[in-house]
Amino acid sequence: MKDLATTLFKVATDKRAPHCGGLLVAEPFLRESYFNHSVISIIDYAPSEGATGVVMNKPTGYKLSDLLEGVGIESDAGVYCGGPLGQDRLYFIHSLGDRIIPGARLYAPGLYVGGEFDAIIAYVNSGYDIDGCVRFFIGYSSWTDGQLEREIEEETWAQAPVPAAPETLLTLSDDAYWHRAVRELGDNYRSWQLIPCNPKMN
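Presented here is an overview of the structure given in this document. Just so you know, these numbers come straight off a predicted model, no measurement behind them.

Regarding the overall build of the chain
Point 1. Counting secondary structure elements, the chain contains five helices and ten strands.
Point 2. For the chain, the C-alpha radius of gyration of 17 Å lies close to 17 Å, the compact-globule estimate for 202 residues.
Point 3. In terms of overall dimensions, the chain has a C-alpha envelope of 60 × 40 × 30 Å along the principal axes.
Point 4. Relative to its 202 residues, the chain shows a buried fraction of 49%.
Point 5. Sequence-distant contacts in the chain: of pairs separated by 6 or more residues, those separated by 24 or more amount to 63%.
Point 6. About 10,300 Å² of surface is accessible on the chain, with carbon and sulfur atoms providing 52% of the total.

Below is the structure:
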């Protein structure tokens, strides 16, 4: 008997080369714990070196004040799991720009990675908006030379268009985030919307 998942829900995904700033949407049956129903923002890519990115939609349950001293709980931010590597470090991406966060690097239209950590903590403690402006991560995801290209060819990942308002990438979380990205992929992917994050819920 044919595998029903392959037969009923298989979609011919876009096989174009990945790029810095691109979005990877996990195919719905990918069950690896870090990447199940995940959406990854690629923050570095070089064809001869590989790629680095962060999972955008997996909250850890921690707040920034749980991990750092000097963060006011009244303006606290959630922390996400960016991937299985570098889990002893804190990373952040944002839409604030390098004037507000000196040293920030533009990696996609309207999106920046890193910058002076004291500046981002001052921003958080000042009570400014967090949602849609900044997201913090423990860990990151990485692929060696040619690995991500193979996974795209194997249809492990679909590649979603970057939204016209990239700050929307810093809103929502969990499965709602994945389903939003799948909708952006277009009508060919509508069947993916039927697959729950936990197959036991089906």
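Once the structure has been displayed, the description carries forward.
Notes on the packing of aromatic side chains
Point 1. Counted by the stated rule, this structure contains nine aromatic pairs.
Point 2. Summarising the aromatic geometry, the rings of Phe-35 and Trp-157 are spaced 5.8 Å apart at their centres and angled 80° between planes, so their arrangement reads as edge-to-face. Here Phe-35 is found in the loop between β1 (23-26) and β2 (39-46), whereas its partner Trp-157 is found in strand β10 (residues 157-160), with 122 residues between them in sequence.
Point 3. By relative accessible area, which is 14% here, Phe-35 ends up buried.
Point 4. The class of Trp-157 is buried, set by a relative accessible area of 1%.
Point 5. Judged by centre distance (5.0 Å) and plane angle (85°), the rings of Tyr-189 and Trp-192 are edge-to-face. With respect to burial, Tyr-189 and Trp-192 carry one shared label: buried.
Point 6. Ring pairing ties together the aromatic residues Tyr-34, Phe-35, Trp-143 and Trp-157, which thus form one cluster.
Point 7. Positioned above the aromatic ring of Tyr-80 is the side chain of Arg-135, whose terminal nitrogen or guanidinium carbon lies 4.2 Å from the ring centre.
Point 8. A cation over a ring is seen here: Arg-180 above Tyr-177, with NZ or CZ 4.7 Å from the ring centre.

Focus on helix α5 (residues 174-185)
Point 1. The terminal C-alpha atoms of α5, which comprises twelve residues, lie 18 Å apart, in line with the 16 Å expected from a rise of 1.5 Å per residue.
Point 2. Every buried residue belonging to α5 is among Tyr-177, Trp-178, His-179, Arg-180, Ala-181, Val-182 and Leu-185, and all of these are buried.
Point 3. Once α5 finishes, Gly-186 follows within two positions and takes phi at roughly 110°, a positive value.

Structural notes on the side chain of Gln-159
Point 1. Locating Gln-159 in the fold gives a position in strand β10.
Point 2. With a relative accessible area of 7%, Gln-159 lands in the buried category.
Point 3. There is a polar contact of 2.6 Å between the side chain of Gln-159 and the backbone oxygen of Arg-16.
Point 4. Those residues in contact with Gln-159, other than ones at most four positions away along the chain, are Asp-14, Lys-15, Arg-16, Ala-17, Pro-18, Leu-23, Leu-24, Ile-152 and Leu-185.

So, the pattern of salt bridges
Point 1. Enumeration according to the criterion identifies two salt bridges in this entry.
Point 2. Between Glu-155 and Lys-15 there is a salt bridge, and its shortest N-O distance comes to 2.8 Å. Placement of the pair is Glu-155 in the loop between α4 (147-153) and β10 and Lys-15 in the loop between α1 (4-9) and β1, with a sequence separation of 140 residues.
Point 3. Close ionic contact of Asp-44 with Arg-105 constitutes a salt bridge, the shortest N to O distance being 3.2 Å. Of the two residues, Asp-44 sits in strand β2 while Arg-105 sits in strand β7 (residues 105-108), which places them 61 residues apart along the sequence.

What about helix α3 (residues 117-125)?
Point 1. Here α3 has its buried residues at Ala-119, Ile-120, Ile-121, Tyr-123 and Val-124.
Point 2. As for α3, its buried residues are in contact with α2 (64-67), β6 (85-94) and β9 (134-144).

Considering the nonpolar core
Point 1. Grouped together as the largest cluster of nonpolar side chains are 38 residues, with contacts concentrated most on Leu-24, Met-56, Ile-93, Leu-148, Trp-157 and Trp-192.
Point 2. The element contributing the most residues to this core is α5, with five residues.
Point 3. Setting aside anything within four residues of it in sequence, one finds Leu-148 in contact with Pro-18, Leu-24, Ile-42, Ala-51, Trp-143 and Trp-157.
Point 4. The next biggest cluster of nonpolar side chains, apart from the first, holds 19 residues, and it includes Ala-77, Val-124, Ile-130 and Val-134.

The rules behind these values
Residues numbered from 1 in each chain as written. Predicted model: local features only at pLDDT ≥ 70, side-chain atom pairs only at ≥ 80, totals over all residues. Heavy atoms only, no water. Helix = DSSP H or I, 4+ residues; strand = E, 2+ residues; numbered from the N terminus. Rg over C-alpha atoms; globule rule 2.2 N^0.38 Å. Buried < 20%, exposed > 50% of the residue type's maximum accessible area, 1.4 Å probe, protein only. Contact = heavy atoms within 4.5 Å. Areas by Shrake-Rupley, 256 points an atom, 1.4 Å probe, with all protein chains shown as cover. Phe/Tyr/Trp six-rings, centres within 6.5 Å; stacked < 30°, edge-to-face > 60°. Lys NZ or Arg CZ within 6 Å of the ring centre and 35° of its normal. Expected span 1.5 Å × (residues − 1). Polar contact = N/O pair within 3.5 Å; in protein donor to acceptor, adjacent residues only side chain to side chain. Salt bridge = Lys/Arg side-chain N within 4 Å of Asp/Glu carboxyl O. Core = buried A, V, L, I, M, F, W, Y, C linked by side-chain atoms within 4.5 Å.

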